[in-house]
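Residue-level structural notes
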Amino acid sequence: MEGVAGIVKWQQTKGGDAMYEEARRLYTEEVNAAVRGAKAGGATEVVVMDCHGAGEGWNFNSLVPELIDPDCEYVVQQEWTEYTSFLESGCDAALLVAMHAKAGTADGVLSHTVSGQAWRELRFNGTSVGETGINAALCGNWGCPVLLVTGDHAVCREARDLLGAGLKTVAVKRGLGRFSARQLPPLRARALIEQGARRALADLKAVEPYDPGRPCEIEIEFMAPDRLVEYRNRRGVEERGPMTLVSRADDWWTAWRQFFF
């Protein structure tokens, strides 16, 4: 939700807060714009997955069902990256809507990686990534390329640096700091997202599926030593100093599951 036009405060992204109710509608309508654009671009089946952890029962459940475009189906999952059936069965393209920049990005609106209170840095085989990289690697594990990223200017820059110049991006706001931005009005932002989704599907080979490399080492640097404790005894995970953990495996998906599940 952090990459939606009109969203600049944590209160807008947390389930149960009064400001969240308006924000989840803004979020749903940007997703709808991408669905419309995908259908106009030739998509025959569209599956929407909510990847926003809004807290408690709202985790991965921020979309407003009665507002969702009827030309798609949508998934509510219990854990992030838990549901992969649509990728395993074959998916031609992924469109990442309303993304935010990685932790430490000065001009990234609400910038963080996974947990703004716990994670300082995430690297795949030495490459610094954020949640765009995580989602791209998840899709890439099954040969699905990410063809569109929308959000603020910072995450669009981050995504192009990681995935290449063939990636289509739509910037709906420009960060003036972590909690302020110069923004496009929602109706204009949605029109641009719809156009971007349609254009992205014009060339399914514009971006290669993202593979961080094989074998793969995932390194997570935490904000403080106590944040490391909950992960330290997981299979395949090693400590590299008081605030850093490493997971190694033959491929990214195995290394990720060792750490994250």
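Use the structure listed above.
Note that the structure is predicted; figures quoted are calculated from it, not measured.

Let's shift gears to helix H3 (residues 131–140). In terms of burial, H3 is largely enclosed, as 10 of its 10 residues are buried. In this fold, the buried residues of H3 make contact with helix H2 (85–88), strand S3 (94–99), strand S4 (119–124), strand S6 (146–152), helix H4 (153–163) and helix H7 (252–260).

Another aspect to go through is the sheet that holds strand S10 (residues 237–239). In space, the five strands of this open sheet follow the order S5-S4-S9-S11-S10, with antiparallel pairing throughout. Each edge of the sheet is formed by a strand with only one pairing partner; in this case those strands are strand S5 (127–128) and S10. Sheet analysis places S4 next to S5, joined by two bridges and oriented antiparallel. Bridge pairing in S5 places Phe124 opposite Thr127. In the packing of H7 onto the sheet, the strands contacted are S4, strand S9 (216–222), S10 and strand S11 (244–249), and the crossing angle to S11 comes to about 140°.

Once that is clear, we can look at the pattern of salt bridges. A full pass over the atoms with the stated rule returns 13 salt bridges. One salt bridge connects Glu217 with Arg240, and the closest N-O pair in it is separated by 3.2 Å. Of the two residues, Glu217 sits in strand S9 while Arg240 sits in the loop between S10 and S11, which places them 23 residues apart along the sequence. If you follow the salt bridges from partner to partner, you end up with Arg120, Arg123, Glu217, Glu219, Glu221, Glu238, Arg240 and Arg248 in one network.

Moving on, we come to the packing of H3 against H4. Relative orientation of the contacting elements H3 and H4 amounts to 40°, with a least axis distance of 10 Å. In terms of orientation, H3 and H4 fall into the oblique class. For the crossing formed where H3 meets H4, the hand is right-handed. Contact with H3, carried on its side by Thr132, Gly133 and Ala136, involves Val155, Glu158, Ala159, Leu162 and Leu163 of H4 and no other residues of that element. Here the residues of the contact of H3 with H4 are counted per class, giving five nonpolar, two polar and one charged.

Under the criterion given, the structure shown has 12 aromatic pairs. Between the aromatic rings of Phe124 and Trp252, the centroid separation amounts to 5.8 Å while the plane-to-plane angle is 65°, which identifies the pairing as edge-to-face. Taken together, the positions of Phe124 in strand S4 and Trp252 in helix H7 put the pair 128 residues apart, joining distant regions of the chain. Here Phe124 matches Trp252 in class, with each residue buried. The interplanar angle of 25° and the centroid separation of 5.5 Å between the aromatic rings of Phe222 and Tyr231 together place this pair among those described as stacked. Taking relative accessible area as the criterion, Phe222 reaches 0% and is therefore assigned buried. By the ring-pair criterion, three or more aromatic residues cluster together here, those being Trp80, Phe124, Trp142, Trp252, Trp253 and Trp256.

What follows deals with the side chain of Glu158. With respect to the helices and strands, the residue Glu158 is situated in helix H4. Discounting residues that sit within four places of it in the chain, Glu158 has contacts with Ala101, Lys102, Thr105, Gly130 and Thr132.

Across soluble globular proteins, you tend to see nonpolar side chains buried next to one another. Counting 79 residues, the largest nonpolar core has Trp119, Phe124, Ile218, Trp252, Trp256 and Phe259 as its most contacted members. The element that contributes the greatest number of residues to this core is helix H1 (residues 18–40), accounting for nine residues.

A few words now on the environment of Thr13. Here Thr13 shows up in the segment before H1. Considering only alpha carbons, one finds Thr13 and Asn32, 19 residues apart in sequence, at a separation of 18 Å. The contact partners of Thr13, leaving out residues within four places of it in the chain, are Met1, Glu2, Ile7, Tyr20, His52, Ala54 and Leu110.

As a further point, take the sheet that holds strand S7 (residues 168–175). The four strands lie next to each other as S3-S6-S7-S8, forming an open sheet whose pairing is mixed. With one partner strand each, in any of the chains shown, S3 and strand S8 (181–183) form the two edges of the open sheet. The sheet shows a mean angle of 25° between the axes of neighbouring strands, direction not considered. Set on the sheet, H1 makes contact with S3 and S7; between it and S3 the angle comes to about 155°. Along the sheet face, helix H5 (residues 186–200) touches S3, S6 and S7 and points at about 155° away from the line of S7.

Definitions and limits used
Residues numbered from 1 in each chain as written. Predicted model: local features only at pLDDT ≥ 70, side-chain atom pairs only at ≥ 80, totals over all residues. Heavy atoms only, no water. Buried < 20%, exposed > 50% of the residue type's maximum accessible area, 1.4 Å probe, protein only. Helix = DSSP H or I, 4+ residues; strand = E, 2+ residues; numbered from the N terminus. Contact = heavy atoms within 4.5 Å. Pairing = 2+ DSSP bridges. Axes fitted to C-alpha atoms, helices over the stretch in contact; angles between N-to-C directions. Salt bridge = Lys/Arg side-chain N within 4 Å of Asp/Glu carboxyl O. Parallel < 35°, antiparallel > 145°, perpendicular 65-115°, else oblique. Left-handed = near helix turned anticlockwise from the far one by under 90°. Nonpolar A, V, L, I, M, F, W, Y, C, P; charged D, E, K, R; others polar. Phe/Tyr/Trp six-rings, centres within 6.5 Å; stacked < 30°, edge-to-face > 60°. Core = buried A, V, L, I, M, F, W, Y, C linked by side-chain atoms within 4.5 Å.

Purely geometric numbers; function is a separate question.
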